Amino acid sequence: MYIQDYRRPKYNVPINIEERDDCYRLTAYVPGYPEENIRTQIINDTLVITGSRDEDDAVVEFLKQEFPVRDFERSLHLNGLVDTACINIRYQDGVLTIFLPKKQEASLYHIRQQLEASLAG
């Protein structure tokens, strides 16, 4: 039986999402993309992150490719859980960090879930 190796899309950047008490922290690894070429926006409760490089359009044949060399776009639906008016963005050393504060009602829902789980057990 042949099992194909996992291949990350060529024009996508890896992200991590961490849940904290008061916010979600999204970290995107975007080395080689200048800060002025990275854009974030909220469209219909969806966070959209785009980036572009100032590279020529020459076609390159890679022996192995593990990071993007062209424009990228990532989107993340926020499910109404984020206070989009208070998003904080940082870019340092090729790492984009976005702090997405939880809406007050989302935090209360999370606390209720934890209480119910502890009472049930």
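Bear in mind that the values here come from a model prediction, so they are computed numbers and not experimental data.

**Q** Looking at this structure, I do not really get the sheet that holds strand β7 (residues 95-101). What am I missing?
**A** The strands that make up a sheet pair up through hydrogen bonds in the backbone, lying either parallel or antiparallel. The four strands are arranged β1-β2-β7-β6 in an open sheet whose pairing can be described as antiparallel. For this open sheet the edge positions go to β1 (15-19) and β6 (88-92), each flanked by a neighbour on one side alone. Averaged over all adjacent pairs, the angle separating strand axes in this sheet is 15°, with direction ignored.

**Q** Looking at this structure, how should I read the pattern of salt bridges?
**A** In a structure, side chains of opposite charge can pair up when their charged atoms sit close to one another. Scanning the entire structure with this criterion turns up three salt bridges. Between Arg-20 and Glu-18 there is a salt bridge, and its shortest N-O distance comes to 3.2 Å. Residue Glu-18 is classed as partly exposed on the basis of its relative accessible area of 33%. Measuring nitrogen to oxygen at the nearest pair gives 2.7 Å for the salt bridge that ties Lys-102 to Glu-19. In this pair, Lys-102 is assigned in the loop between β7 and α1 (104-120) and Glu-19 in strand β1, connecting sequence segments 83 residues apart. Through salt bridges that share partners, Glu-18, Arg-20 and Arg-25 make up one connected network.

**Q** Which parts of the structure should I look at to understand the packing of aromatic side chains?
**A** The description of two aromatic rings rests on the distance between their centres and on the angle between their planes. Summed over all chains, the structure comprises one aromatic pair. Seen from their ring centres, Tyr-33 and Phe-72 are 5.0 Å apart, and the 85° between their planes marks the pair as edge-to-face. One end of the pair, Tyr-33, is in the loop between β2 (23-29) and β3 (38-43); the other, Phe-72, is in strand β5 (residues 72-77), and 39 residues separate them in sequence. Considered together, Tyr-33 and Phe-72 belong to a single accessibility category, that of buried residues. The ring of Tyr-33 has Arg-53 sitting right over it, with the charged end atom 4.3 Å from the ring centre. Lying across the ring of Tyr-24, Lys-102 places its NZ or CZ 5.1 Å from the centre.

**Q** Would you explain the nonpolar core in this entry?
**A** As a rule of thumb, nonpolar side chains are buried together in soluble globular proteins. Counting residues in hydrophobic clusters, the biggest one holds 15 residues, and the most contacted among them are Val-30, Leu-47, Ile-49, Leu-96, Ile-98 and Leu-100. Sorting the residues of this core by element identifies β2, β4 (46-51) and β7 as the ones contributing at least two each. Setting aside residues up to four positions removed in sequence, Ile-98 forms contacts with Tyr-24, Arg-25, Leu-26, Thr-40, Leu-47, Ile-49, Ile-87, Asn-88 and Ile-89.

**Q** Explain the sheet that holds β3 here, please?
**A** Read from one edge of the open sheet, three strands run β3-β4-β5, paired in antiparallel fashion. Looking at the sheet topology across the chains shown, the edges are occupied by β3 and β5. In this sheet, neighbouring strand axes are inclined to one another by 15° on average, regardless of whether the strands run parallel or antiparallel. Here β3 runs beside β4; their pairing, made up of six bridges, is antiparallel. Note that in β4 the partner of Arg-39 across the bridge is Thr-50.

What counts, and at which threshold
Residues numbered from 1 in each chain as written. Predicted model: local features only at pLDDT ≥ 70, side-chain atom pairs only at ≥ 80, totals over all residues. Heavy atoms only, no water. Pairing = 2+ DSSP bridges. Helix = DSSP H or I, 4+ residues; strand = E, 2+ residues; numbered from the N terminus. Axes fitted to C-alpha atoms, helices over the stretch in contact; angles between N-to-C directions. Salt bridge = Lys/Arg side-chain N within 4 Å of Asp/Glu carboxyl O. Buried < 20%, exposed > 50% of the residue type's maximum accessible area, 1.4 Å probe, protein only. Phe/Tyr/Trp six-rings, centres within 6.5 Å; stacked < 30°, edge-to-face > 60°. Lys NZ or Arg CZ within 6 Å of the ring centre and 35° of its normal. Core = buried A, V, L, I, M, F, W, Y, C linked by side-chain atoms within 4.5 Å. Contact = heavy atoms within 4.5 Å.

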